[in-house]
Amino acid sequence: MRRAALLLALALSLAGPAPARAADDPDWQAVVDTVSKAVVQVRMDRSRAFATQAAGNSFATGFIVDAERGILLTNRHVVGPGPARAEAILLDNEEVPLEAIYRDPVHDFGFYRFDPARVRFMDVVALELDPDGARVGAEVRIIGNDAGEKISILDGTLARVDRGAPSYGQGRYNDFNTFYVQAASGTSGGSSGSPVVDGAGHVVALNAGSRNRAASSYFLPLPRVVRALDRIQQGLPVTRGTLQTTFVHTPHDELRRLGLSAADEATARARFPGGTGLLVVQHVMPLGPADGTLRPGDILLELNGAPLDGFVDLEAVLDESVGGEVRLSLVRAGTPRTVSLTVEDLHAITPDTYLEAGGAVLHPLSYQRARTHNVPVAGVTLATAGYVFANAGMGRGAVLLEVDGRAVLDIDAVQAALEQLPDGARVPVRWFDIRDPSRERVSIIDWDRAWMPLRRCTRDDATGTWPCTDGADPPPSPPLAPATAPVPPSRHRVGRRVAPTLVTVDFTTPFRVEGVHGERFRGTGVVVDAERGWVLVDRDTAPVALGDVAVTFGGTVQVPARVLWLHPAHNMAVVAYDPALIGDTPVEAARLSPKPAAAGARTWHVGLDSTHQVVVRRTRVSRRNPIGLPVPRTPFFREVNLDVVDPEAAASSTGGMLVDRRGRMMALWASFVDLGEKEPDSWFHGLPASVVDEALAALETSGPGPWPTLGAELGLLELTEARHLGLSAERAAAIAAQDPERRSVLVVRRLTVDSPAAEALRVGDLVLAANGQPVTRFEEVEHALLSAPTLALTVVRNGSEQPVTLAPQLVPGIGVEEVLSWAGALLHETPRWLPEQRGVPATGLYVTWYWYGSPASRHGLRASSRIVEANGQPVDGIESFLAAVAGAEGPVRLVTLDLKNREKAITLKLDPEAWPSFTLSRDPESGAWTRQPR
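In every chain, residue numbers begin from 1 and rise along the written sequence. Totals for whole chains, interfaces and linings use all residues, but because this is a predicted model, local features are given only for residues with pLDDT of at least 70 and pairs of side-chain atoms are given and counted only at 80 or more. The side-chain values count all of the structure's non-hydrogen atoms but skip hydrogen atoms and water molecules.

Examining the overall build of the protein chain
Selection rule: Starting at the N terminus, helices and strands are each numbered in turn, a helix being any DSSP run of H or I of at least four residues and a strand any DSSP run of E of at least two. We call two residues in contact when some of their heavy atoms are within 4.5 Å. Surface accessibility in these figures is a Shrake-Rupley result with a 1.4 Å probe; residues are shielded only by whichever protein chains are displayed.
Counting secondary structure elements, the protein chain contains 19 helices and 58 strands. Across its three principal axes, the protein chain shows a C-alpha extent of roughly 105 × 90 × 55 Å. Long-range pairs, those at least 24 residues apart, make up 65% of the contacts in the protein chain between residues at least 6 apart in sequence. Split by element, the accessible area of the protein chain, about 39,500 Å² in all, is 50% carbon and sulfur.

What follows is the structure, encoded as structure tokens:
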């Protein structure tokens, strides 16, 4: 020990004394300790897409700049241009709600306000802004929440203070008409809005963006921030003027090429000894104040008679001249000019209102988006297309020109035009895509006032909220007039026989319920009852009951319909239309072939293509095999226990039938969707006419009531394998003789939790007989199930044959009939797909969908989970859930179960203004859905 101590002393003496701290070397630890108390994490929930920002949940940084008034400074892209809710998390993890009080129309800064009195456990301190402190070579620290990590500290050295504003891409928010400060410091998401502080603890810039590939960070200078803060503190409006012109700072060498004379250059260099260039016009907005007066390449020399070389002086004059005129001295291609321009109010061309209509968000076209695509700042655009406009092929960025023949140049005109449309009206909309403004387009919208409300929301700058008012009630819908359609022609004899039975069915759903994998579906339907208007389709065309159905006859007449019945076990549905609406259209009900579609049988595929034309393909049945679909990633209907018919070839179509030479159905040509991967895929197979016949007969006699199902998924096992499970040689021989084509035995593959089958059967049971009759096919078991109140099976289990009796599991024939929208999530009864496919009980209230930017999205209420408890009360349905959360003050506490039955506790802070609760309920008699606030 003594020797080690001597060696240590020797080493220290050789190293010499520790270097003393230089007088100007900052104590960064003290700076960090002081600054961190003013830095907060900002959590934002953007409830609606607006201008350049999408709906969503995110986090960033802000810092206190006025402790007495509770004013936070952060980025404009954090405050956001549209409706949002925000809260600040202070250093000690206290939460305070925030109000958005200002977002700059152009530059990347904005202000929130909080109530300092709500901060109970720490002192509220503010940071001092020092706009002159940003100097090349200055050592700085960026203190924020980099990558979401609370209080991250990054260092850097300011390398440039005259960098151009960074570009984040077309269609996104981009700053302009300002310098930026650049430093090598790899900030990332979450650090937006962080203070950039010097060694004295003063804020010299505002962190705004970064380029991760180059580890470069971009900071906004503070001169315009200081002015805005000063006016807010005085209770004055933050005036902002614009010429709708983008300027760029250009160095002297390029200015000479643009026509700046040697004398003017000398004058400019003398006026601004440290300057490197002058401002040049880069872009002039069409129809803006400078259109036709300024041109790209114009070099600015003076503003109102004062020399000009930078953005700060330019904007200082414009901001104080809103509504007035300014005089610019400039050089254009070597020729001096003086022009006068009217200064426009920048806030007036920054949208502060939006219209919710048909699930879409519409607002005045913003200067930000118009500038990107060089179109005038005029008109109304879609921030999100929603249900109505998306179904018409319109998307985000569509700019409306006319609605039903009426010009709609502003948001008031759009609202007036839409309010005059009755529910269900089909009207043309003239528009253009902002990315392709030279091409006008016309789309037909199916107007909706039943699924979604029409309301107008406008920003209240005093509170930072966006209060909404409902639109006027729609006029009554006129009665539909009958129309007659011709039979689609076909050159083929079989096609002409079948054509009167074929229609096109379109299905759209405004809400993703029961795990449905899309919003729009089209398929070929087969009329099975012309008198009642019943049309048979597959469940990849009519997947759920909640939606709008339209049936098209002959490609010329379209009438509304409704989902009458969804087969709980097989891939078929029946939709119903009013026969009185199709006039004298020659419609016939399909006839079913008495012969099964056996392998080798001659058949014709007759269907409709996507343009409603009849297509015919002569072919033969190749085989009849069990359908084998993987378990869906998101629980949804999945076909099991069915032998499908596969022909050697088929025509390209949206469905139809496999028919015999007399045009009788041998199989419904149905689309079977595979949801086992991330993206859905679909395949056509024939659904045997015998299965169709049995289903339609039951629908005729019993209506769309509960349907008996087995409660078990069966598969096929080769006889050689079955012998190892105890199948006797005699039984194997009998099965081979009974079904020589297949030589397999039915085996239980999966059981539905809490079903009678789960009590009576076991996975691996070999099914030999049903109700005393030998069975080798799925149809035979199903026929026995439908023929008697109970099902008596003979199975092989543990090497011996045993009798098993079970009752069928009764399943509703329509699916979900009530849906609750709450906290931005859609909730309904737990569908049977979970006990069938995932082996978990159908308990609680199922979360089928959630929207980005909602409380559900923020707090982790995920789709495919089940709410089993709310505020300590058990939940078994919509009413018990609403009773548990009614009148709750503060966050709602939930207990959920995932698809593996794992329990999770979460809390949600509600936002009823942006996400009001409502239910959608189906009338069992009419099939109509109604929306009610809850």
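What to know about the environment of Ile 299
In this fold, Ile 299 is placed in strand β16 (residues 299-303). With 37 residues separating them along the chain, Ile 299 and Pro 336 place their C-alpha atoms 9.3 Å apart. Sequence-distant contacts of Ile 299, defined by excluding residues within four places in its chain, comprise Leu 255, Leu 258, Leu 260, Leu 278, Leu 279, Val 280, Ser 329, Leu 330 and Val 331.

As for the state of the cysteines
Counted only if it meets this: The definition used for a disulfide is geometric: two cysteine sulfur atoms within 2.5 Å.
Summed over all chains, the structure comprises one disulfide. Two residues, Cys 457 and Cys 468, share a disulfide whose sulfurs are 2.0 Å apart. Its torsion about the S-S bond being 105 degrees, the disulfide of Cys 457 and Cys 468 is classed as right-handed. Residue Cys 457 is located in strand β28 (residues 455-458), and its partner Cys 468 is located in strand β29 (residues 468-470); the two are separated by 11 residues in the primary sequence.

Focus on helix α19 (residues 878-885)
For clarity, the cut-off: Only protein chains enter the accessibility calculation, which uses a 1.4 Å probe. A residue is then buried if its area is under 20% of the maximum for its type, exposed if over 50%, and partly exposed in between. By arc we mean the arc of the directions from the helix axis to the C-beta atoms, nothing more.
Within the span of α19, buried status applies to Ile 878, Phe 881, Leu 882, Ala 884 and Val 885. The buried residues of α19 occupy an angular sector of 160 degrees when projected down its axis, which confines them to one face. Buried residues belonging to α19 abut β50 (818-822), β51 (825-829), β52 (845-850), β53 (866-870), β54 (873-874) and β55 (892-897).

Brief notes about the sheet that holds strand β34 (residues 557-566)
In a beta sheet, neighbouring strands pair by backbone hydrogen bonds and run either parallel or antiparallel. The condition is simple: We treat two strands as partners when DSSP finds at least two bridges between them. To get an axis, fit a line to the C-alpha atoms, keeping to the stretch in contact for a helix; angles then go from 0 to 180 degrees between the N-to-C directions.
Strand order in this closed barrel of six strands is β30-β31-β32-β35-β34-β33, and the pairing throughout is antiparallel. Across this sheet, the average inter-strand angle for adjacent strands is 40 degrees, counted without regard to direction.

Considering the pattern of salt bridges
Let me state the cut-off plainly: Salt-bridge detection follows one rule: a side-chain nitrogen of Lys or Arg within 4 Å of a carboxyl oxygen of Asp or Glu.
In the structure shown here, the tally under the stated rule is 49 salt bridges. With a closest N to O distance of 3.2 Å, Glu 139 and Arg 141 form a salt bridge. Looking at Arg 141, the relative accessible area reads 13%, which means it is buried. In this structure, Arg 832 and Glu 836 form a salt bridge, with 2.2 Å as the shortest nitrogen-oxygen distance.

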